[in-house]
Amino acid sequence: MKTRLYIFSFISVASIILLAGFLGITVLSDYMQKKYEELQLETTKRQAENTAKLLEVRLKNGTPKKEIIDNLQEALENSGNENNYICMFDKYNTELICHPNKDKRGAELSSSSTLENIKTGDKEKTRNVILEGIETGGLLREKSETEIVYMVPVKGTEWMIASRENIRTIKTKTADIKKYFSAGLLATALAAAFLSLLVVIITRNIYVKKLKKQNEKLESYETKLIEYEKSLNAKNDELNLQKQIFNDFQSEIKKKNDELNLQKQIINDFQNEIKKRNDEINLQKQIIKDQLEVITVKTANTGKTSKPAENFAQNIHKTITLPVNIIKETFSDFFLLTKSPDNVNGSFYWFKKIKNIFVLAAGGITECNEAIKTFAVMSEISLLDLTVTEEIQQSENYYAAAILDNLTKKTTELLSPLYPNKKNEASINNALILIDTETYTLQYAGAGNPLYIIRNNKLTEVKADNTYRVSENKKVTFTNKRAELKKNDIIYTFSESCTNIKNKEKNIKTAKIIFEELIKQISGKPLSEQKEILNKTFEEQSLSISAAGIKI
């Protein structure tokens with residue numbers, strides 16, 4: 001019996017040491033591999049950054065791009081290392097233009113390839129990372145291969161430098177270290193188990209004699225303990241009964257408090273709901289009152305607004321463009337233009353700065369009923385202010401497309417009751433621009449109204465989604481687009497109203513075509529002079545438009 005116990009003790013101690021040691025070795029090897037990956041990521045980062053800076057210097061010195069690509073390819077072919085190498089992508093086509101293996105040049109990046117952040121584990125499509133041209137690094141997982149990679153954009157080009165190292169080398173080294181630790185652990189476990197068994201045997205013999213004497217004393221106390229235990233049990237039963245009564249009383253008090261708190265919450269919620277409803281009713285009353293004031297001044301014969309309505313509409317832009325100091329304090333130069341041959345302009349621009357985000361919007365309502373058009377423009381400006389402020393202040397992850405989705409949905413809900421038979425329906429042309437004034441990252445989403453960017457006298461058009469028609473009353477989903485702005489870039493946006501719809505029927509150039517042609521010609525002039533040229537042109541063409549130009 002003792003022999004079996006000793007053998008069991010030996011096996012148990014050895015097993016515990018082996019298990020604890022194996023877990024420790026596993027954790028240590030994983031930690032070593034992760035640290036090595038982070039170290040290699042830092043190394044690849046320096047390689048990629050140094051290569052990118054070298055290419056930037058050569059570009060600034062006037063070296064042709066083709067010569068730079070050929071020189072880099074020649075250097076990579078001579079490196080002769082498939083485990084640790086540098087390659088270069090064309091970020092717009094996501095294809096290799098330089099690689100140690102020249103046969104891989106022109107190959108496109110696999111659509112299933114992902115880039116995993118080593119620290120957080122977040123994954124993103126490698127194609128998206130390259131297309132955005134953002135400096136980043138991590139684990140590149142492509143088919144059965146995993147590599148440590150760090151990518152750096154070459155400023156002023158469409159190139160992305162990628163420094164890569166195959167992770168197989170790291171795993172091989174970690175596995176070898178794990179084997180050496182395991183062998184040492186086995187020897188240590190056996191020795192520790194043997195020594196532990198020897199100590200147990202010696203200690204047992206010493207304490208057996210002492211235990212015999214103590215057992216004799218304990219037997220004499222056993223009878224007294226039994227009697228004392230009975231007395232304690234009786235006391236404990238009494239205490240438990242009192243404790244149960246006290247707990248039941250506390251539970252009842254808590255239940256009553258919960259009921260009172262629930263009733264209080266119901267009363268507060270009811271009061272808040274009443275206040276909310278009253279606010280909504282007052283707002284609706286005011287909107288209806290404003291709308292009726294405009295509609296009732298229309299004449300029965302001509303269908304035009306009277307002088308009060310004209311003055312009301314003409315004051316729209318005066319109301320919304322008062323804080324021009326916001327633009328002056330943020331950007332180097334700008335112009336704002338509103339032009340309409342009609343009394344009531346269906347197009348508008350709007351801007352506001354929230355935190356470090358500058359918001360610029362241009363909108364247009366293609367509704368030729370002047371009374372409804374005035375109501376629609378004022379309603380959309382109010383909704384725009386509420387929607388943009390709420391989205392940006394309440395969330396750190398805001399998107400221009402999501403804000404425009406919400407705005408269009410609210411505008412549609414407001415205007416759709418005015419078009420029960422889909423006749424003379426309104427279309428919404430909006431453009432929304434968000435500019436982070438710290439990083440100069442631009443977000444854009446638009447319906448019908450594109451965004452123009454002038455850089456080095458070259459025009460780039462960021463196209464908008466289709467115009468949204470009120471009668472469609474469908475789910476709105478706009479496309480979110482990003483751009484990195486540079487100093488002296490000029491951005492333009494505009495909106496057109498129902499006057500342009502009339503012109504299209506007469507095959508006259510639209511405001512969009514005229515606007516695009518003009519800014520190509522005049523983008524090099526001061527913005528104040530550009531405004532005068534645009535103003536004169538749209539006046540001669542009798543077009544209704546609101547436009548804005550901002551120089552970074």
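Placed above this text is the structure.
Below: a short report on this structure. (Residues numbered from 1 in each chain as written. Predicted model: local features only at pLDDT ≥ 70, side-chain atom pairs only at ≥ 80, totals over all residues. Heavy atoms only, no water.)

## Considerations on the overall build of the chain
From N to C terminus, the chain includes 12 helices and 18 strands. A burial count over the chain gives 38% of its 552 residues as buried. Summarising the internal contacts of the chain: among those between residues at least 6 apart in sequence, 66% fall at separations of at least 24. Split by element, the accessible area of the chain, about 32,800 Å² in all, is 54% carbon and sulfur. (Helix = DSSP H or I, 4+ residues; strand = E, 2+ residues; numbered from the N terminus. Buried < 20%, exposed > 50% of the residue type's maximum accessible area, 1.4 Å probe, protein only. Contact = heavy atoms within 4.5 Å. Areas by Shrake-Rupley, 256 points an atom, 1.4 Å probe, with all protein chains shown as cover.)

## Observations regarding the packing of aromatic side chains
The geometry of an aromatic ring pair is captured by the separation of the ring centres together with the interplanar angle, meaning the angle of the planes. Tallying each qualifying case throughout the model produces seven aromatic pairs. Relative to Y492, the ring of F335 has its centre 6.3 Å away and its plane inclined at 45°; by these criteria the two rings are tilted. Of this pair, F335 sits in strand 8 (residues 333-339) while Y492 sits in strand 17 (residues 490-496), placing them 157 residues apart in sequence. As far as burial versus exposure is concerned, F335 and Y492 are alike and both buried. (Phe/Tyr/Trp six-rings, centres within 6.5 Å; stacked < 30°, edge-to-face > 60°.)

## Points about the pairing of strand 10 (residues 357-365)
Counting buried positions along strand 10 gives nine out of nine residues, so the element sits mostly inside the fold. Along strand 10, one buried face is formed by I357, V359, A361, G363 and I365 and the opposite face, lined by F358, L360, A362 and G364, is buried too. The turn joining strand 9 (residues 347-354) and strand 10, which pair antiparallel and follow one another in sequence, is formed by two residues; a positive phi near 55° is taken by K355. Pairing of strand 10 with strand 11 (residues 427-436) involves nine bridges; the strand directions are antiparallel. Its bridge partner lying in strand 11, A361 is registered against L432. (Pairing = 2+ DSSP bridges.)

## Points about the pairing of strand 18 (residues 545-551)
Among the seven residues in strand 18, six count as buried, and that is most of the element. Taken together, the seven bridges between strand 8 and strand 18 define a ladder with antiparallel strand orientation. For L337, the partnering residue across the bridge sits in strand 18 and is A547. Of the strand pairs in this sheet, strand 17 and strand 18 are connected by seven bridges, and their pairing is antiparallel. Each bridged residue has a counterpart across the sheet, and for T493 the counterpart in strand 18 is A548.

## Examining the pattern of salt bridges
By the definition in use, this model includes 12 salt bridges. Notably, a salt bridge pairs E158 with K65, separated by 3.4 Å at the nearest N-O pair. Here E158 is found in the loop between strand 6 (145-153) and strand 7 (159-166), whereas its partner K65 is found in helix 2 (residues 65-79), with 93 residues between them in sequence. Overall, E158 belongs to the partly exposed group, its relative accessible area being 23%. Given the relative accessible area of 36%, K65 is considered partly exposed. For K66, the salt bridge is made with D70, and the minimal N-O distance between the two is 3.0 Å. Here D70 and K66 lie together in helix 2, a separation of four residues that amounts to about one turn. Since its relative accessible area comes to 35%, D70 is described here as partly exposed. (Salt bridge = Lys/Arg side-chain N within 4 Å of Asp/Glu carboxyl O.)

## Quick word on the environment of Y349
Its location among the elements puts Y349 in strand 9. With 14 residues separating them in the primary sequence, Y349 and G363 have C-alpha atoms 6.2 Å apart.

## Regarding the packing of helix 11 (residues 511-522) against helix 12 (residues 527-541)
Two numbers describe how helix 11 lies on helix 12: the axes approach to 11 Å, and their chain directions differ by 150°. Judged by the inter-axis angle, helix 11 sits roughly antiparallel to helix 12. When you trace helix 11 past helix 12, the crossing you get is right-handed. Only Q530, I533, L534, T537, F538 and Q541 of helix 12 make contact with helix 11, whose side of the interface consists of A511, I514, F515, L518 and I522. Tallied by class, the residues present in the contact of helix 11 with helix 12 amount to eight nonpolar, three polar and no charged. (Axes fitted to C-alpha atoms, helices over the stretch in contact; angles between N-to-C directions. Parallel < 35°, antiparallel > 145°, perpendicular 65-115°, else oblique. Left-handed = near helix turned anticlockwise from the far one by under 90°. Nonpolar A, V, L, I, M, F, W, Y, C, P; charged D, E, K, R; others polar.)

## Some words on helix 12
Taking 1.5 Å per residue, 15 residues should reach 21 Å; helix 12 reaches 21 Å between its end C-alpha atoms and fits that length. Taken as a whole, helix 12 has its buried residues at L527, Q530, L534, T537 and F538. Seen end-on, helix 12 carries its buried residues on one side only, within an arc spanning 95°. Within helix 12, the exposed residues directed more than 90 degrees away from the buried face are S528, E532, K536 and E540. Contacts made by the buried residues of helix 12 are with strand 8, strand 17, helix 11 and strand 18. A positive phi of about 55° marks S542, the residue just after helix 12. (Expected span 1.5 Å × (residues − 1). Arc of directions from axis to C-beta.)

Worth remembering: the numbers are spatial, not functional.
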